[in-house]
Amino acid sequence: MTNSLLPAQAGTEPVTAEAQFADSHVFSVDVEEWYQVGAFETTLRRDEWAGLESRVERQCHKILAILAEANIRATFFCLGWVAERHPLLITEICKQGHEIASHGMDHQRIFRFSRDEFLADVIRSKSLLEDVTGTQVRGYRAPSFSLTADVWWAYEVLHEVGFQYSSSLYPLKTDHYGMPDAPRRPFWPIGTGKILEVPMTVCHVASKALPASGGGYFRLLPYTVGRALLEKGSNQTKSPGIFYMHPWEVDPGQPRVADAPWLSRFRHYTGQRAMPAKLRRLARSSKWTTLQDGVVAPVFSALRGQ
């Protein structure tokens, strides 16, 4: 389905400008409904979504409260689907000082699009979010980290549409996603200054790459292990750690999908009850900021000053 090797024609130029990254990690949230996840994509059909219970508003407000307690500004990668149905939620996230970025329209993996279909998808999602918030949307994150070597042209589309950065690659291999050959530090995929890729944080331990960016790993692992991996991965790359999560991860009351495979149910539901307390502890452990302020703005500012 995908090729883990970078395409021969791809530019993977490192960030060489003397960018002074923020002395903070990055907190990010992928805003989607509980049923718009890879774990259930073979169980819940897309034409069933409209009839399923929406819980994204209550979930996001729980996360917003945790961030407000710690005075943290984060980047929220929002689905256009959510913006269409819950515009006031997106507006509230923006009003609270968080960065609004795009997660595409309805969590379709990029490698299932043609180039024209992907172009239509990102134009529509970006426009929806900008219309709702009245602010420019600069960032994009591929659903399920599905920006692979086979669709490297997606960066050209993102640049064409007006995005400034992407945070769509996980530089390790899992059973669902990952590009182990991708750079671990921010880089230019299609030429310096065009669009910046900010990979997810990976920690190398005894030559083995371990996920260190949060998500399900943060729920499943003991807090001290997840926190240590993020810190060590950040130190190894000398760049901010990129933490991410989903709204449904703080909601143990969400519906159970009994027909989903056992492993999918385990990954999705485990640790949800303990997640809010772990997040509060994490929020107090470091300084946090948005992707735009912590990584992207310093890189482009340094580039302009060269």
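As a reminder, the structure under discussion sits directly above these lines.
Quick caveat, the model's predicted, so the values are computed rather than measured.

1. Remarks on the overall build of the protein
For the protein, the count of helices and strands is ten helices and twelve strands. Taking the principal axes of its C-alpha atoms as reference, the protein extends roughly 50 × 45 × 40 Å. The proportion of buried residues among the 306 residues of the protein is 57%. A separation of at least 24 residues holds for 78% of the contacts in the protein among residues at least 6 apart in sequence. Computed over 34 positive and 32 negative side-chain charges, the inter-centroid distance for the protein is 8 Å.

2. Observations regarding the state of the cysteines
Going through the model one piece at a time under the given rule, you end up with zero disulfides. Take C78: it sits in no disulfide, and the sulfur closest to it among the cysteines is that of C60, at 7.3 Å. Of all cysteine sulfurs in the structure, the one in C78 sits closest to C94, which takes part in no disulfide; the separation is 9.5 Å.

3. Observations concerning the packing of aromatic side chains
Summed over the entire model, instances satisfying the criterion amount to 19 aromatic pairs. Here the aromatic rings of F118 and W153 are separated by 6.0 Å at their centres, their planes lie at 65°, and the arrangement is edge-to-face. Taken together, the residues F118 in helix α4 (residues 115–133) and W153 in the loop between β5 (139–140) and α5 (154–161) connect sequence positions 35 residues apart. The class of F118 is buried, set by a relative accessible area of 0%. Each member of the aromatic cluster is reached from another via a ring pair, and the members are F27, F218, Y223, F243 and W288. For the cation-ring pair, K126 lies above F163, with the distance from its terminal atom to the ring centre recorded as 5.5 Å.

4. Looking at the pattern of salt bridges
For the coordinates displayed, the defined rule picks out 17 salt bridges. Salt bridges sharing common partners tie together E53, R55, R58 and D251.

5. Describing the packing of helix α7 (residues 223–237) against helix α9 (residues 275–285)
Where α7 contacts α9, the axes come no closer than 11 Å and their chain directions differ by 35°. For the pair α7 and α9, the crossing hand works out as right-handed. Residue-level inspection shows Y223, T224 and R227 of α7 in contact with α9, the latter providing K278, R281, L282 and S285. Split by residue class, the contact of α7 with α9 holds two nonpolar, two polar and three charged.

6. Comments concerning a nonpolar patch on the surface
Among the surface-exposed residues, L220, W262, L263 and F266 lie close enough to one another that they form a single nonpolar patch of about 410 Å² accessible area. Looking at the nonpolar patch, the element that brings in the most residues is helix α8 (residues 262–269), giving three residues. Mapping F266 onto the fold places it in helix α8.

What counts, and at which threshold
Residues numbered from 1 in each chain as written. Predicted model: local features only at pLDDT ≥ 70, side-chain atom pairs only at ≥ 80, totals over all residues. Heavy atoms only, no water. Helix = DSSP H or I, 4+ residues; strand = E, 2+ residues; numbered from the N terminus. Buried < 20%, exposed > 50% of the residue type's maximum accessible area, 1.4 Å probe, protein only. Contact = heavy atoms within 4.5 Å. Lys, Arg positive; Asp, Glu negative; His and termini not counted. Charge placed at Lys NZ, Arg CZ, Asp CG, Glu CD. Disulfide = S-S within 2.5 Å. Phe/Tyr/Trp six-rings, centres within 6.5 Å; stacked < 30°, edge-to-face > 60°. Lys NZ or Arg CZ within 6 Å of the ring centre and 35° of its normal. Salt bridge = Lys/Arg side-chain N within 4 Å of Asp/Glu carboxyl O. Axes fitted to C-alpha atoms, helices over the stretch in contact; angles between N-to-C directions. Left-handed = near helix turned anticlockwise from the far one by under 90°. Nonpolar A, V, L, I, M, F, W, Y, C, P; charged D, E, K, R; others polar. Patch = residues over 30% accessible without salt bridge, like charges linked within 9 Å, V, L, I, M, F, W, Y side chains within 5 Å. Areas by Shrake-Rupley, 256 points an atom, 1.4 Å probe, with all protein chains shown as cover.

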